[in-house]
Amino acid sequence: MLRSANAFFLWFHRWSGIAFAAVFILVALSGTVLTFRYELQQAMHPEMQVEPADVDGAPDFTAIAANLKSEIPGARLNFLQQNPAQPEFPIRVVYEHPLDGFDVLYADPHSARLTG
């Protein structure tokens, strides 16, 4: 009986370890991808890239909100998000459309133009 209990716990420990290892590998890989989300986004959507400009100061968030209202009537701005470590990346514009719900656009931080 003791031998069968040891064999069971050995089998259970081995296979539960393999299952947890698979989960941890998946978490590690998804975290790695998430770390490079801005770079991957630029690689997958080159039309949204912005050119570095010699503009000092903060982006004009008011102009971005005005462009959103003019291009998508009825849209309600939820929030704007900028990557502070890389200000040349597009600004993420999250808005709510009365018919379609929440959606995301990106804006050029220097010209306030919506890029997609």
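Bear in mind that the values here come from a model prediction, so they are computed numbers and not experimental data.

Details of the environment of Phe102
Inspection of the secondary structure assignment puts Phe102 in strand E3 (residues 101–107). Look at Phe102 and you get exposed, because its relative accessible area is 54%.

Observations regarding the sheet that holds E3
Ordered in space as E1-E2-E3, the 3 strands form an open sheet in which the pairing is antiparallel. Two strands bound the open sheet, and with one partner strand each, they are strand E1 (76–81) and E3. Across this sheet, the average inter-strand angle for adjacent strands is 25 degrees, counted without regard to direction. Judged from the 7 bridges that link them, strand E2 (residues 91–97) and E3 form a sheet pairing that is antiparallel. Each residue of the ladder has a partner; that of Ile91, found in E3, is Ala107.

Some words on the side chain of His97
Note that His97 resides in strand E2. On the basis of relative accessibility, which here comes to 16%, the residue His97 falls in the buried class. Setting aside residues no more than four positions away along its own chain, His97 makes contact with Ile72 and Pro73.

With respect to the environment of Glu47
Considering the arrangement of structural elements, one finds Glu47 in the loop between helix H2 (37–44) and helix H3 (61–71). Taking the relative accessible area as the measure of exposure, Glu47 reaches 53% and is therefore exposed.

A look at the pattern of salt bridges
Oppositely charged side chains can form a pair if their charged atoms are brought close together. Applying the stated criterion across every chain, the model contains 1 salt bridge. Two residues, Glu96 and Arg76, come together in a salt bridge whose shortest N-O distance is 3.1 Å. Residue Glu96 is located in strand E2, and its partner Arg76 is located in strand E1; the two are separated by 20 residues in the primary sequence.

A few points about a nonpolar patch on the surface
Together, Phe8, Phe9, Trp11, Phe12, Trp15 and Ile18 make up an exposed nonpolar region whose accessible area comes to about 700 Å². Within the secondary structure layout, Trp15 lies in helix H1 (residues 2–35). With relative accessibility at 48%, the residue Trp15 sits in the partly exposed group.

Rules and cut-offs
Residues numbered from 1 in each chain as written. Predicted model: local features only at pLDDT ≥ 70, side-chain atom pairs only at ≥ 80, totals over all residues. Heavy atoms only, no water. Helix = DSSP H or I, 4+ residues; strand = E, 2+ residues; numbered from the N terminus. Buried < 20%, exposed > 50% of the residue type's maximum accessible area, 1.4 Å probe, protein only. Pairing = 2+ DSSP bridges. Axes fitted to C-alpha atoms, helices over the stretch in contact; angles between N-to-C directions. Contact = heavy atoms within 4.5 Å. Salt bridge = Lys/Arg side-chain N within 4 Å of Asp/Glu carboxyl O. Patch = residues over 30% accessible without salt bridge, like charges linked within 9 Å, V, L, I, M, F, W, Y side chains within 5 Å. Areas by Shrake-Rupley, 256 points an atom, 1.4 Å probe, with all protein chains shown as cover.

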